[in-house]
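Observations on the three-dimensional arrangement
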Amino acid sequence: MEKVCGISSEDPGSPPPHTSREKKSTGYAYPLGKIQLIGDIFQFTVDVSEFSPEDVIIAYYNNRIDVHAEKLGDNGTVTNNFSHQCKLPSNVDPTSVTMALEGRGVLTIRAHRVH
């Protein structure tokens, strides 16, 4: 299953595997994403406040979430970019994945675990 969209609209043992790449091209260092297991909810949050919602792309495929943001300057060159990946645990229902962008620019992605 693959889902790709722009922003407009727990295993009790060890934390799920994830990777992250921190990029900076204008002197800003972006924090790494935060993964939480809250009851039967897997939650992944990442700060994308330095980007407009239309600059953020979220892709979901093969139980993996990719968040990519790119800001273009007036002359069309990339002035800032960000990329973060997170692998969902195998016991997450892929049809339950939801995304929300809070007013402070924090992207929250949630999914329900299946038993």
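As the structure is a computational prediction, the values presented were derived from the model and not from experiment.

To continue, consider the overall build of the chain. Looking only at helices and strands, one finds 0 helices and 9 strands in the chain. If you list the helices and strands of the chain from N to C, you get β-β-β-β-β-β-β-β-β. In the chain, buried positions account for 36% of the 115 residues. By element, 51% of the accessible surface of the chain is carried by carbon and sulfur atoms, the whole surface being about 6600 Å².

Unusually for a residue other than glycine, N62 sits at a positive phi of about 50 degrees. Take N62: it is sitting in the loop between β5 (56–61) and β6 (64–72). Residue N63 is not a glycine yet carries a positive backbone phi of 60 degrees.

Attention now moves to the sheet that holds strand β3 (residues 34–38). Here we have 4 strands laid out as an open sheet, ordered β3-β4-β9-β8, and antiparallel in their pairing. Edge strands, defined here as strands with exactly one partner in the open sheet, are β3 and β8 (98–101). The mean inter-strand angle of the sheet, taken between neighbouring strand axes irrespective of direction, is 20 degrees. Strand direction decides the pairing type here: strand β4 (residues 41–47) and strand β9 (residues 106–112), joined by 7 bridges, are antiparallel. What sits directly across from V46, in β9, is L107.

Before going further, it helps to spend a moment on the packing of aromatic side chains. Evaluated as defined, the whole model comprises 0 aromatic pairs. The ring of F51 has K71 lying over it, and the distance from NZ or CZ to the ring centre is 5.8 Å.

Most of strand β7 (residues 78–87) is tucked away, with 7 of its 10 residues classed as buried. Note that β6 and β7 share 9 bridges and pair antiparallel. Counted as the bridge partner of H68 is S83 from β7. Here β6 hands over to β7 after 5 residues, with G76 in that stretch at a positive phi of 90 degrees.

This part is about the nonpolar core. F44, I65, V67 and I109 are the most contacted members of the largest nonpolar core, which has 19 residues in total. Secondary structure elements with two or more residues in this core: β4, β5, β6, β7 and β9. The contact partners of F44, leaving out residues within four places of it in the chain, are G33, K34, I35, I65, V67, H84, C86, L107, T108 and I109.

Here the focus is the side chain of D66. Mapped onto the elements of the fold, D66 is located in strand β6. Looking at D66, the relative accessible area reads 13%, which means it is buried. Within the local environment of D66, its side chain forms a polar contact with the side chain of R64, the two groups lying 2.7 Å apart. Apart from residues no more than four positions distant in its own chain, D66 is found in contact with I57, I58, A59, Y61, H84 and Q85.

What counts as what
- Residues numbered from 1 in each chain as written.
- Predicted model: local features only at pLDDT ≥ 70, side-chain atom pairs only at ≥ 80, totals over all residues.
- Heavy atoms only, no water.
- Helix = DSSP H or I, 4+ residues; strand = E, 2+ residues; numbered from the N terminus.
- Buried < 20%, exposed > 50% of the residue type's maximum accessible area, 1.4 Å probe, protein only.
- Areas by Shrake-Rupley, 256 points an atom, 1.4 Å probe, with all protein chains shown as cover.
- Pairing = 2+ DSSP bridges.
- Axes fitted to C-alpha atoms, helices over the stretch in contact; angles between N-to-C directions.
- Phe/Tyr/Trp six-rings, centres within 6.5 Å; stacked < 30°, edge-to-face > 60°.
- Lys NZ or Arg CZ within 6 Å of the ring centre and 35° of its normal.
- Core = buried A, V, L, I, M, F, W, Y, C linked by side-chain atoms within 4.5 Å.
- Contact = heavy atoms within 4.5 Å.
- Polar contact = N/O pair within 3.5 Å; in protein donor to acceptor, adjacent residues only side chain to side chain.

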